Amino acid sequence: MNLFDNDNMQDIISSQYLYKGFDKEDYQKVLDGLTPEHLCIYLLTQDETKFESQEFLKEKIYGTEFLKTKFSEALLHKLHNPDVVIDEHHKLSNPIPNTFFPENLDVLPENAVDSQTVRLIHSDEIFDVWFKKSDKFKVPKIFVHSMFYTNDSGVCINVEGSVFMTLWQMVLNDYYREFTYMAEMASMNFQRSFTEGSLRFNFNGYSDTIGEFINK
């Protein structure tokens, strides 16, 4: 701490990382690089018989022998066109395409009215929708916070209701395990919690795909 003063104190008063602005081109380069042509697969094996006919290279520091081979055209074709079997009788299959990665990274223009305060944009006998736009960080992301009120679940009121909700969350975690993994790979997150008389569901991710994420 004695190395910091008023001029550089802002460098340590931060969270897990420092935000330096959103660069659409840098984001797009990363997304464009998520193709089989940019994929690296590492195979570690003690069975050298499969590679006897190939000449090994040597790592310059430790002298570890290794091979470096390009993907064949047949393998690239399979990676671009995977056979996906969605059937309860098949234990193993290629993953389905991850549609949660955004294609549109445009940031909406600033709006003084929408960013000034939270306002009600929809209301009916079932639910209300409140909205506030943030123009501070200028990133193509969105946060959705929802609350469902209930008076018959017994959550946080009696033992039966609390145990039921705990078991329900465990089942939900298991059921959506693969789905949430795909979402996390695209920086999409889903959280839920419960309090007395209400259930809360929070979503955050890219504006371009948040609708599909919530619908699924």
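Residues numbered from 1 in each chain as written. Predicted model: local features only at pLDDT ≥ 70, side-chain atom pairs only at ≥ 80, totals over all residues. Heavy atoms only, no water.

J.: Quick one: what's the story with a nonpolar patch on the surface, residue by residue and with numbers?
T.: Together, L39, I41, L75 and L79 give the surface a local cluster of nonpolar side chains, amounting to about 320 Å² of exposed area. Position of L39 relative to the elements: it lies in the loop between helix 1 (24-32) and strand 1 (57-58). (Patch = residues over 30% accessible without salt bridge, like charges linked within 9 Å, V, L, I, M, F, W, Y side chains within 5 Å. Areas by Shrake-Rupley, 256 points an atom, 1.4 Å probe, with all protein chains shown as cover. Salt bridge = Lys/Arg side-chain N within 4 Å of Asp/Glu carboxyl O. Helix = DSSP H or I, 4+ residues; strand = E, 2+ residues; numbered from the N terminus.)

J.: Tell me about the nonpolar core, and please be specific about residues and values.
T.: One finds F100, L105, A183, M188, F203, I210 and F213 to be the most contacted residues of the largest nonpolar core, which totals 17 residues. Put simply, the parts of the chain that give this core at least two residues each are helix 5 (177-185), strand 7 (198-206) and helix 6 (210-215). Counting residues per element, this core draws most heavily on strand 7, which supplies four residues. Ignoring any residue separated from it by four or fewer positions in sequence, one finds M188 in contact with F100, A183, N204, G205, Y206, T209, I210 and F213. (Core = buried A, V, L, I, M, F, W, Y, C linked by side-chain atoms within 4.5 Å. Buried < 20%, exposed > 50% of the residue type's maximum accessible area, 1.4 Å probe, protein only. Contact = heavy atoms within 4.5 Å.)

J.: Tell me about the pattern of salt bridges, and please be specific about residues and values.
T.: Counted under the stated rule, the structure contains six salt bridges. D135 is paired through a salt bridge with K133; the nearest N and O atoms lie 2.3 Å apart. For D135, a relative accessible area of 15% corresponds to the buried category. Take K133: its relative accessible area is 12%, and that puts it in the buried class.

J.: So what's going on with the side chain of S198? Residues and values would help.
T.: With respect to the helices and strands, the residue S198 is situated in strand 7. Polar contacts involving the side chain of S198 include one to the side chain of T195, which spans 2.5 Å. Apart from the residues lying within four places of it in its own chain, the contact partners of S198 are M147, F148, Y149 and T150. (Polar contact = N/O pair within 3.5 Å; in protein donor to acceptor, adjacent residues only side chain to side chain.)

J.: Explain the side chain of K133 to me, using residue names and the numbers behind them.
T.: Counting through the fold element by element, K133 comes out in the loop between strand 4 (128-131) and strand 5 (141-149). There is a polar contact of 3.2 Å between the side chain of K133 and the backbone oxygen of P109.

J.: Provide a residue-level description of helix 4 (residues 159-175), including the pertinent values.
T.: In this model helix 4 runs 24 Å from its N-terminal to its C-terminal C-alpha over 17 residues, within 8% of the 24 Å that 1.5 Å per residue would give. Within helix 4 the residues assigned to the buried category are G161, M165, Q169 and L172. For helix 4, the buried positions fall inside an angular range of 75° around the axis, keeping them on one side. Helix 4 presents V159, E160, F164, M170 and V171 as exposed residues on the side facing more than 90 degrees away from its buried surface. Packed against the buried residues of helix 4 are strand 6 (189-195) and strand 7. Between a side-chain oxygen at the N-terminus of helix 4 and the backbone nitrogen of E160 the separation is 3.3 Å; the capping residue is N158. (Expected span 1.5 Å × (residues − 1). Arc of directions from axis to C-beta.)

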